[in-house]
Amino acid sequence: MTATLEIADGLATITLARPRAHNALDVETKTALRQAIEKVAGDRTVRAVLLAAEGKNFCVGQDLGDHVAELKKSPEHAMDTVADHYNPVIRALAGIEVPVIAAVRGACVGAGFGIALTADIRIASQNATFATAFAGIGLASDSGLSHHLVSMLGSSRATGLLMLGDRIDAAKALDWGLMHRVADDADMDSAAVDLARRLADGPTEAFRRIKGLVGAGADGLSAALDREYDAQRHLGATADHAAAVEAFLDKRTPEFSGR
């Protein structure tokens with residue numbers, strides 16, 4: 001399995017388990033991740049959820065090799081993965097009533113960034129880095145990034161991250177309020193488990209109410225997901241996107257034509 005689920009003593013641990021591919025999201029991984037999240041959401045014995053990842057990187061986002069194959073097979077449907085996979089994953093994750101903690105080490109990019117930001121609390125290792133990456137291949141955003149970045153950072157910083165694709169480190173992510181805590185690399189795993197265990201052992205019903213109250217103040221995620229899908233579906237059919245993905249895989253700098 002490329003995403004695993006373990007439940008013990010009220011704590012559910014969902015782990016991205018494709019380390020050789022830096023936990024890039026192919027169809028198998030997206031499907032397994034969605035299934036794990038939905039199973040957790042329906043389990044009333046779960047009192048907290050830890051999102052983790054095997055290997056050096058949390059998640060580098062969409063598997064572009066997988067995506068190129070879809071573009072070549074059926075370009076008009078290549079972006080259906082947003083509606084078929086990413087939106088259901090984010091909606092299911094956002095719908096979990098108990099606390100969700102994301103433990104981020106290494107690269108956290110694109111949809112991986114969106115998944116991390118959907119968690120309630122995020123802890124990062126010192127070597128963690130964050131980027132949106134979509135504009136670099138001629139796309140906009142998905143996985144809730146347009147919603148979460150604006151709500152957390154304001155429109156100026158959110159637009160800068162989405163348009164320029166600049167990578168920020170853990171210290172800046174903490175300073176900007178994207179992370180709750182930064183842990184030493186060596187202590188990252190234990191720090192994340194300790195935090196998740198603390199929440200799993202806490203006042204679960206109170207946490208459910210807190211999540212509801214906080215979520216009510218951030219309405220708009222569902223609408224943002226729909227808008228993102230419309231944008232990605234349009235942009236996925238552009239010449240710039242196709243050329244940029246090919247350039248990325250060939251390790252070339254893309255040249256955008258504006259088409």
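Residues numbered from 1 in each chain as written. Predicted model: local features only at pLDDT ≥ 70, side-chain atom pairs only at ≥ 80, totals over all residues. Heavy atoms only, no water.

Looking up the protein in an unreviewed UniProt entry gives the name Putative enoyl-CoA hydratase, with the organism given as Gordonia polyisoprenivorans. As stated in UniProt under Function (unreviewed entry), the record for the protein gives "Could possibly oxidize fatty acids using specific components." (UniProt positions renumbered as here; feature names shortened; annotations may be inferred.)

Draft legend 1. Representation of the packing of helix α3 (residues 80-95) against helix α10 (residues 221-235) in the model. Closest axis-to-axis distance for the α3/α10 pair is 10 Å, and the angle between their directions is 160 degrees. Classified by the interaxial angle, the pair formed by α3 and α10 is roughly antiparallel. Note on packing geometry: the crossing formed by α3 with α10 is right-handed. The residues of α10 that touch α3, namely those facing D80, V82, A83, N87, I90, R91 and A94, are L221, S222, L225, D226, Y229 and Q232. Classifying every residue of the contact of α3 with α10 by side-chain character gives seven nonpolar, three polar and three charged. (Axes fitted to C-alpha atoms, helices over the stretch in contact; angles between N-to-C directions. Helix = DSSP H or I, 4+ residues; strand = E, 2+ residues; numbered from the N terminus. Parallel < 35°, antiparallel > 145°, perpendicular 65-115°, else oblique. Left-handed = near helix turned anticlockwise from the far one by under 90°. Contact = heavy atoms within 4.5 Å. Nonpolar A, V, L, I, M, F, W, Y, C, P; charged D, E, K, R; others polar.)

Draft legend 2. Structural detail: the sheet that holds strand β4 (residues 100-104). What the six strands build is an open sheet, ordered β1-β2-β3-β4-β6-β9; its pairing is mixed. This sheet does not close on itself; its edge strands, each paired only once, are β1 (3-8) and β9 (181-183). When the angles between neighbouring strand axes are averaged without regard to direction, this sheet yields 20 degrees. (Pairing = 2+ DSSP bridges.)

Draft legend 3. Examining the environment of K251 more closely. The topology assignment puts K251 in the segment after α11 (239-249). Owing to a relative accessible area of 77%, K251 belongs among the exposed residues under this scheme. K251 sits 239 residues away from A12 along the chain, and the two C-alpha atoms are 39 Å apart. (Buried < 20%, exposed > 50% of the residue type's maximum accessible area, 1.4 Å probe, protein only.)

Draft legend 4. Molecular detail of the environment of A196. Within the secondary structure, A196 is located in helix α8 (residues 188-200). With a relative accessible area of 0%, A196 lands in the buried category. The sequence separation of A196 and T2 amounts to 194 residues, and the corresponding C-alpha distance is 22 Å. Contacts of A196, omitting those with residues within four sequence positions, involve L11, A48, L50 and I101.

Draft legend 5. Expanded view of the sheet that holds strand β8 (residues 168-169). Spatial strand order, β5-β7-β8: three strands in an open sheet with mixed pairing. Single-partner strands in this sheet number two, and they are β5 (107-109) and β8. Where β5 meets strand β7 (residues 129-131), three bridges bridge the pair, whose relative direction is parallel. Within β7, the position partnered with V109 by the bridge is A131. Most of the contacts of helix α4 (residues 111-118) go to β5, to which it runs at about 95 degrees, and overall it touches β5 and β7.

Draft legend 6. Region of interest: the pattern of salt bridges. Throughout the structure, instances matching the rule amount to 15 salt bridges. Between D63 and R18 there is a salt bridge, with the nearest N and O atoms lying 2.8 Å from each other. Linking D63 in the loop between β3 (48-53) and α2 (64-73) with R18 in the loop between β2 (11-16) and α1 (27-41), this pair joins segments that are 45 residues apart in sequence. Notably, a salt bridge pairs R105 with D189, separated by 2.8 Å at the nearest N-O pair. (Salt bridge = Lys/Arg side-chain N within 4 Å of Asp/Glu carboxyl O.)

Draft legend 7. How the structure looks around the packing of α2 against α11. Across the interface, α2 lies against α11 with an axial gap of 11 Å and an inter-helix angle of 140 degrees. With respect to α11, the axis of α2 lies oblique. When the axes of α2 and α11 are compared, the crossing they make is left-handed. The residues of α11 that touch α2, namely those facing L64, H67, V68, L71 and K72, are H241, A242, V245, E246, F248 and L249. Each residue belonging to the contact of α2 with α11 can be placed in one class, and the counts come to seven nonpolar, two polar and two charged.

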